[in-house]
Amino acid sequence: MPAITLIEAVNLALAHELKRDNDVVILGEDVGINGGVFRATNGLAQKFGEDRVIDTPLAESMIAGLAVGMAAQGLKPIAEMQFEAFMMPAYDMIYNHIARMRLRTRGRITLPMVIRAPWGGGIHAPEHHSDSPEAQCAHIPGLKVVIPSNPSRAYGLLLAAIRDPDPVLFFEPKRVYRIVKHEIEDNGEEYPLGTCFVDREGTDITLVSWGAMMHETLQAADKLEQQGISAEVIDVATISPLDIDTILESVAKTGRLCIVCEAPRSGSWASEIAAQVSEEGLFHLLAPIGRVTGYDTTMPYYKLEKQFMPSVDRIIEEARRLVEYK
Amino acid sequence: MAYVFELPDLGEGLPDATIVKWLVNEGDTVKTDQPIAEMETAKAVVEVPSPVDGTVLKLHGKAGDVIITHAPLVTFGEAGKKAAAPAPAPAPSMHAQVAANAEKASATSGGGEVFYLPDLGEGLPDATIVKWLVKEGDTVKTDQPIAEMETAKAVVEVPSPHDGVIAKLHGKAGDVIITHAPLVTFAGKGGAAKAEEKSEPEAKGGDAGTVVGAVQVGNTIVAESSDAVVRALAKKLGVNLASVKGSGAGGKITQADVKGAAGKSTASVAASASTMPSASVSTDNPLAFRASPAVRKLANELGVDLANCETSGPKGTITRDDVKAASSGKPAARTAAPATVQPAASGGRLQPVSVTVHPEAVRGVRRAMAQAMTHSHQTVVPVTLMEDANISRWKKGEDSLARYVRALCAAAKVEPALNCWFDGENMERLVHPAVHVGIAVDTPDGLYVPVVKDAHNKSMADLRGDVEILRKKIAEKAIKPTDLSGATITLSNYGSIAGRYGTPIVSPPQVAILGCGRFRNELKMTERGIENQRMLPLSLSFDHRACTGGEGARFLAAVIADLEKPE
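As the structure is a computational prediction, the values presented were derived from the model and not from experiment.

Looking only at helices and strands, one finds 12 helices and 14 strands in chain A. Counting over 326 residues, chain A shows a buried share of 65%. Partitioning the contacts of chain A with sequence separation of at least 6, the portion at a separation of at least 24 is 80%. Carbon and sulfur atoms form 50% of the exposed surface of chain A, whose accessible area is close to 11300 Å².

This is the structure:
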């Protein structure tokens, strides 16, 4: 089994599905001959032909609109947005058409499509290349929103997203594209959507995160362990629909919850998780729910980027505050 | 001093680039921004500009060679020093501005491994060498300080990135080293250790002033924990993992096993539904009780153990009323039959000694006592003086309690330092003009300390009367908080039960407490020969932070003097 990066895992999953299912097509800016801005589609056009891996003009609303038409007519398009923030021009398509097609046609037409986008900050990119808009997207009924945190999950969850009969937004944490390698067998085995992964079991506090922040969160859990605090760590993975049950079960066990995400604080998906746990799990809470998030500002340029993003220390500090709360 | 220009990040998100063609030769003089090489990345061929004016001393590689990002590309001669910082990489195309920035690592070049001065602050351009802590030829260990460097902010020690032998120190004390310029060169490959990942991607010059991104490049190989995935899948499909037989290595359950089990039976769905942890009966675990944070806070304030509360709320939750009821001493409605099974031993809590006797929650007055004593123990620095008073001359039927109170008042006049409050945190003391005597009263519920106010102004009869009133209030549970607060000194008359000397516990912010032991008869030499005398043992504890030993001793002497008066 080769050890591959997250971006290579994405490439592997795309290749697997292109081969397995002739209805699968890829479209986007530079995805064809060029292999994509991050090389996610590297070599696919050469291998599967330019009518399966289609270079499009630089127009995101058109890419999304094209995908709607393809999916409505039986293809399984996988559209790439070069960065999550460039999805905004496609928002009309995403919000008003992609998310509602099944509802408006009373189930006659579903859109089996995926929009992939590199997501999140921490790579010293300009500010509109570093956003974390998962909460905006998860707010839209009718969309699934998936964020893998490591290469294996990128492979397994992307396969599941492509095979899902409904539209899925698949956000790839670009900071993790190349920092971790997993040994992955290209066996076509998908991972379940809509289910959290409990990556580490613990008894004193539940740490919940997703995407790139899983790495800081797991590191924080390691350090907390050394300080005698046993943290359970949950990778949300599917932002929407949210698997709140797994989180509630964990909170019922630990009594404390800290949510870590890199998006701005207000209205972040951390807020939604906190709200749901307050509704259903209040009686298990021994301390207020903690959030470690970005700040309510646009992602700053790179010199302040580290200050913006939750650090291991910030997570530990908040976790300790909650555990020591009396 | 030569300046080594490292291959900047070329705006692609890839860790290296291939030399297509050198545009300069060794020995050439170049200007800032003059293209020096054509490099091919996975995406494009770009020209790399010179970061400085200077002479090309050495080209690191030839056409066709792959250069790792941030490895040396060109070494410039003396003139190169003038440059403040490496120039930015060529502006990448607008829609593809993200580039790889190889992990911060010392790159291998010609003779040895060069360690470049990392950014010692947040974007500091340079630092001055204060002192070398090693010399050329030294063997160093990872993290061993190699130099003291002064930045605009502070003098910091720069640690070695790995084990190795120092081949060259780039500069001497007083020299300014530009951030990311060479600091030391290690001999050979710098030992076995590859530079540890420093996770400081912005530390490289390639980012300065550019608008590129830096996708971190690492090589950490990890195995996905299949457990988390299998559990998630089982949950999704409603499969009870306990009933699944694993076909993987060592009996491990695989995704296929879970899918197989899901296909076979839907009955297992019910079994898996009860994954919520069942309410534990152990009072050890606060989560054994369903109570909102506000209710828990109230219970904490009232000193009520949730184990002693009814659960009258929905779904067996404890309400505020349940806590209040438990606090007011209403018998707990939890009349569950005594467990016939001894609870499993659990960390640190008292274990029941038989099946019919269980540890009871310490609450109410008893709990307050425990907390007050803990507080005292943690804050006060106590010392206890012990001495006897000869009370042989007391009249028959003398009211001993009133005498003790009077003696305290008399002593407070002689030595006011003990009739005092002390705040050790703010280092303040408050010497009281009035004497309010707290009197420790033992009851079945626990310790009460009602206060006789303005004892210094009262007659013996009044003092006795006050004490009786307070005792009655305690018996009738009518004692008010105001009756229990404001003592300036305390009296503990344990001698009415038993005990000669003691080590009474000071109750902060008070600084002193007098313990009166049990009278005893003793043969004493007197002017009239050997006589039977009545002796009263006294134990005076005081907070040595607030009073000197002399003050304590003078106070005790004054107490004795008053007690030894005939009336």
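On we go.
All names here are of chain B. Pairing is antiparallel across the open sheet formed by four strands, whose spatial order is β14-β13-β11-β16. Two strands close off the open sheet at either side, each with one partner strand: β14 (155-159) and β16 (176-178). If you compare each strand with its neighbour and ignore which way they point, the axes differ by 45 degrees on average. Here three bridges tie strand β11 (residues 126-132) to β16, and the two strands are oriented antiparallel to one another. Each residue of the ladder has a partner; that of Ala-127, found in β16, is Ile-177.

Residue and element names in this part refer to chain B. Summed over the entire model, instances satisfying the criterion amount to 41 salt bridges over all chains. With a closest N to O distance of 3.8 Å, Lys-395 and Glu-567 form a salt bridge. Placement of Lys-395 in the loop between β22 (382-390) and α7 (400-414) and of Glu-567 in the segment after α9 (549-563) is noted, with a sequence separation of 172 residues between them. Residue classification places Lys-395 among the partly exposed positions, given a relative accessible area of 48%.

Quick look at the nonpolar core now. Residues and elements named next belong to chain A. Membership of the largest hydrophobic core comes to 54 residues, with the highest contact counts inside it found for Trp-210, Ile-247, Ile-273 and Val-277. At six residues, helix α3 (residues 60-72) tops the list of elements feeding residues into this core. The residue makeup of this core includes at least three contributed by each of domain 1 (3-183) and domain 2 (197-324). If we skip the residues at most four places from it in the chain, Ile-247 touches Cys-196, Val-208, Ile-234, Val-236, Leu-242, Leu-257, Ile-273 and Val-277.

Moving on to a nonpolar patch on the surface. A cluster of nonpolar side chains, Leu-523, Met-525 and Ile-530 of chain B, forms an exposed patch at the surface whose accessible area comes to about 400 Å². Along the chain, the position of Leu-523 of chain B falls in strand β31 (residues 520-526).

About the thresholds
- Residues numbered from 1 in each chain as written.
- Chains lettered and ligands numbered in written order.
- Predicted model: local features only at pLDDT ≥ 70, side-chain atom pairs only at ≥ 80, totals over all residues.
- Heavy atoms only, no water.
- Helix = DSSP H or I, 4+ residues; strand = E, 2+ residues; numbered from the N terminus.
- Buried < 20%, exposed > 50% of the residue type's maximum accessible area, 1.4 Å probe, protein only.
- Contact = heavy atoms within 4.5 Å.
- Areas by Shrake-Rupley, 256 points an atom, 1.4 Å probe, with all protein chains shown as cover.
- Pairing = 2+ DSSP bridges.
- Axes fitted to C-alpha atoms, helices over the stretch in contact; angles between N-to-C directions.
- Salt bridge = Lys/Arg side-chain N within 4 Å of Asp/Glu carboxyl O.
- Core = buried A, V, L, I, M, F, W, Y, C linked by side-chain atoms within 4.5 Å.
- Domains from an automatic or database assignment.
- Patch = residues over 30% accessible without salt bridge, like charges linked within 9 Å, V, L, I, M, F, W, Y side chains within 5 Å.

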